[in-house]
Amino acid sequence: MSKKGKKRIGLGILGLILGIIWLSPFYMMISNSFKTKKEIFESPLKPPRGINFSNYVEAARDLNFGHTFMNSILITIISVVIIIVFSSMAAYALSRVRSKVSTVVFFIFVAAMLIPFQAVMIPLVSLFGKLGMLNRPGIIFLYLGFGSSLSIFLYHGTISSISKSLDEAAIIDGCNRFQVFWYVIFPILKPITVTIAILNTIWIWNDYLLPSLVINQPGMETIPLKMFFFFGEYTKQWHLALAGLTLAIIPVIIFYFVAQKHIIKGITAGSVK
């Protein structure tokens, strides 16, 4: 066998091993979600003895899944849409208006990615409490603030690779700046927009810390907040928690697979002119 063939086999084996390692947490979560608590503690690695959906029924009832799911969907969709709209417009303005001010503003956004939420959460929550914004609009506004930096950074790189001649041609045809962006530039940004949507959807959908500080009130909980119901002071209902987690990740997985063809395009957009 040639060296090239051996190399391919080696890479294939390595890929298989990495794939198994990557999928093992999903296997444990799904397989244990069909077990009783006793079975989980006996051996979490063994497959379930039978397919039993009672854990899912009980978890959905305890989570008030329909209402909690709609809370998460509402907050996630509105937050992601607002992040995309404002970040894309800001990146377009910073990319097309070349000046010292725009450069400084852009680097401020980039530097903001280095600030951890834990460093500012106490003053922010205190301020939002005084303003009466410890509610859904308040958390959506906070997600806009924390999600804009990375989104503007990604949009800026892509927009910078788009020729300004497109803007000039649209302006000659009678478009104003707003129309140039929405009807000419924004459709070109579809791959990076999908990538940004996926990144922010996964982050917001799975976020626990920010909702626990801002909307930790009965009837307003998101799925990660409600999942805490299964972890009491003296007992942990792992069989129900894993069933609830399986239900919670299904929407994100579906969204990811629907949009995956745009991910590579979005990641590489702007890297080559």
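Above this text sits the structure in question.
Residues numbered from 1 in each chain as written. Predicted model: local features only at pLDDT ≥ 70, side-chain atom pairs only at ≥ 80, totals over all residues. Heavy atoms only, no water.

### Examining helix H3 (residues 54-63)
Step number 1: Within the sequence span of H3, burial applies to Asn55, Tyr56, Ala59 and Leu63. Axial view of H3: buried residues confined to an arc of 95°, hence all on one face. Across from the buried face of H3, at angles greater than 90 degrees, the exposed residues are Val57 and Arg61.
Step number 2: On its buried side, H3 packs onto helix H1 (3-32), helix H4 (65-96), helix H12 (223-227) and helix H13 (238-259).
Step number 3: One or two residues past the end of H3 sits Asn64, with phi positive at roughly 50°. (Buried < 20%, exposed > 50% of the residue type's maximum accessible area, 1.4 Å probe, protein only. Helix = DSSP H or I, 4+ residues; strand = E, 2+ residues; numbered from the N terminus. Arc of directions from axis to C-beta. Contact = heavy atoms within 4.5 Å.)

### Digging into the packing of H4 against helix H7 (residues 136-160)
Step number 1: Across the interface, H4 lies against H7 with an axial gap of 6 Å and an inter-helix angle of 40°. In this view, H4 runs oblique relative to H7, as classed from their interaxial angle. Both H4 and H7 take part in a crossing whose hand is right-handed.
Step number 2: The residue makeup of the contact of H4 with H7, split by class, is 18 nonpolar, 10 polar and 2 charged. (Axes fitted to C-alpha atoms, helices over the stretch in contact; angles between N-to-C directions. Parallel < 35°, antiparallel > 145°, perpendicular 65-115°, else oblique. Left-handed = near helix turned anticlockwise from the far one by under 90°. Nonpolar A, V, L, I, M, F, W, Y, C, P; charged D, E, K, R; others polar.)

### Observations regarding the nonpolar core
Step number 1: Formed by 34 residues in total, the largest nonpolar core has its most connected members in Ile84, Ile139, Tyr155, Ile185, Leu189, Leu210 and Ile215.
Step number 2: In terms of residues, this core owes the most to one element, H7, which gives 8 residues.
Step number 3: Contacts of Ile215, omitting those with residues within four sequence positions, involve Ile75, Asn135, Arg136, Ile139, Met220, Glu221, Thr222 and Leu225. (Core = buried A, V, L, I, M, F, W, Y, C linked by side-chain atoms within 4.5 Å.)

### Description of the side chain of Asn200
Step number 1: Examined against the element boundaries, Asn200 turns out to sit in helix H10 (residues 190-206).
Step number 2: Polar side-chain contacts of Asn200 include one of 3.3 Å to the side chain of Ser151.
Step number 3: Asn200 has contacts with Val80, Ile83, Gly147 and Ser151, leaving out every residue within four places of it along the chain. (Polar contact = N/O pair within 3.5 Å; in protein donor to acceptor, adjacent residues only side chain to side chain.)

### Quick notes on the packing of aromatic side chains
Step number 1: Under the counting rule described, the total for this entry stands at 17 aromatic pairs.
Step number 2: When the ring of Phe106 is compared with that of Phe107, the centres are 5.7 Å apart and the planes differ by 65°; the resulting orientation is edge-to-face.
Step number 3: Take Phe106: its relative accessible area is 12%, and that puts it in the buried class.
Step number 4: Through successive ring pairs, a cluster of aromatic residues spans Tyr92, Phe178, Phe181, Trp182 and Phe186. (Phe/Tyr/Trp six-rings, centres within 6.5 Å; stacked < 30°, edge-to-face > 60°.)

### A closer look at a nonpolar patch on the surface
Step number 1: A grouping of Ile9, Leu11, Ile13, Leu14, Ile17, Leu18 and Ile21 is seen on the molecular surface, where their side chains present a nonpolar patch of about 670 Å² in accessible area.
Step number 2: Inspection of the secondary structure assignment puts Leu18 in helix H1. (Patch = residues over 30% accessible without salt bridge, like charges linked within 9 Å, V, L, I, M, F, W, Y side chains within 5 Å. Areas by Shrake-Rupley, 256 points an atom, 1.4 Å probe, with all protein chains shown as cover. Salt bridge = Lys/Arg side-chain N within 4 Å of Asp/Glu carboxyl O.)

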